Amino acid sequence: MTSTQPRGIGSLIPTRTQAVTPGEQAAAQLLHLRSATVPVPVLAAAAALIAPQLENPDPATREAAEAVHAHLLAAIEDAAPGR
């Protein structure tokens, strides 16, 4: 018998009949992200790419962007030489 339950990254995305805002979708995915190891330039690029979403009109998108942006900046700061 095969399962009808979603698998992989798709299982993190809400599946309801109503439209899901980009902020809700991002928040659902980010809730499960705990750690990642990437080079500092990638963190800096990600922080720059997400920065425009800090002014997004959707509150959920803004909230998720603020949280992710803060984590990225903290990771960059923690990776500074001499720590």
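All of the points below concern the structure found in this document. Given the structure is predicted, the values throughout are model-derived calculations rather than measurements.

### Side note on the layout of surface pockets
For step 1, the next point in the chain: If you add up the space inside the largest pocket, you get close to 770 Å³.
For step 2, the next point in the chain: Surrounding the largest pocket, 27 residues form its lining, L30, L33, V68, H71 and L72 being those nearest its centre.
For step 3, the next point in the chain: Contributions of two or more residues to the lining of the largest pocket are made by α1 (22–30), α2 (40–50) and α3 (59–78).
For step 4, the next point in the chain: For the lining of the largest pocket, a count of residues per class yields 19 nonpolar, six polar and two charged.

### Here we look at the packing of α2 against α3
For step 1, the next point in the chain: Relative to each other, α2 and α3 sit at 150°, their axes nearing to 9 Å. In terms of orientation, α2 lies roughly antiparallel with respect to α3. As α2 runs across α3, the sense of the crossing is left-handed. Here V40, L43, A44, A46, A47 and I50 of α2 lie close against α3, whose contacting residues are A65, V68, H69, L72, L73, A75 and I76.
For step 2, the next point in the chain: When its residues are assigned to classes, the contact of α2 with α3 shows twelve nonpolar, one polar and no charged.

Definitions and limits used
- Residues numbered from 1 in each chain as written.
- Predicted model: local features only at pLDDT ≥ 70, side-chain atom pairs only at ≥ 80, totals over all residues.
- Heavy atoms only, no water.
- 1 Å grid on protein atoms, 1.4 Å probe; cavity = no way out; pocket = protein on both sides within 12 Å on 5 of 7 lines; lining within 4 Å.
- Points joined across faces, edges and corners; volume = space filled by probe spheres on them.
- Helix = DSSP H or I, 4+ residues; strand = E, 2+ residues; numbered from the N terminus.
- Nonpolar A, V, L, I, M, F, W, Y, C, P; charged D, E, K, R; others polar.
- Axes fitted to C-alpha atoms, helices over the stretch in contact; angles between N-to-C directions.
- Parallel < 35°, antiparallel > 145°, perpendicular 65-115°, else oblique.
- Left-handed = near helix turned anticlockwise from the far one by under 90°.
- Contact = heavy atoms within 4.5 Å.

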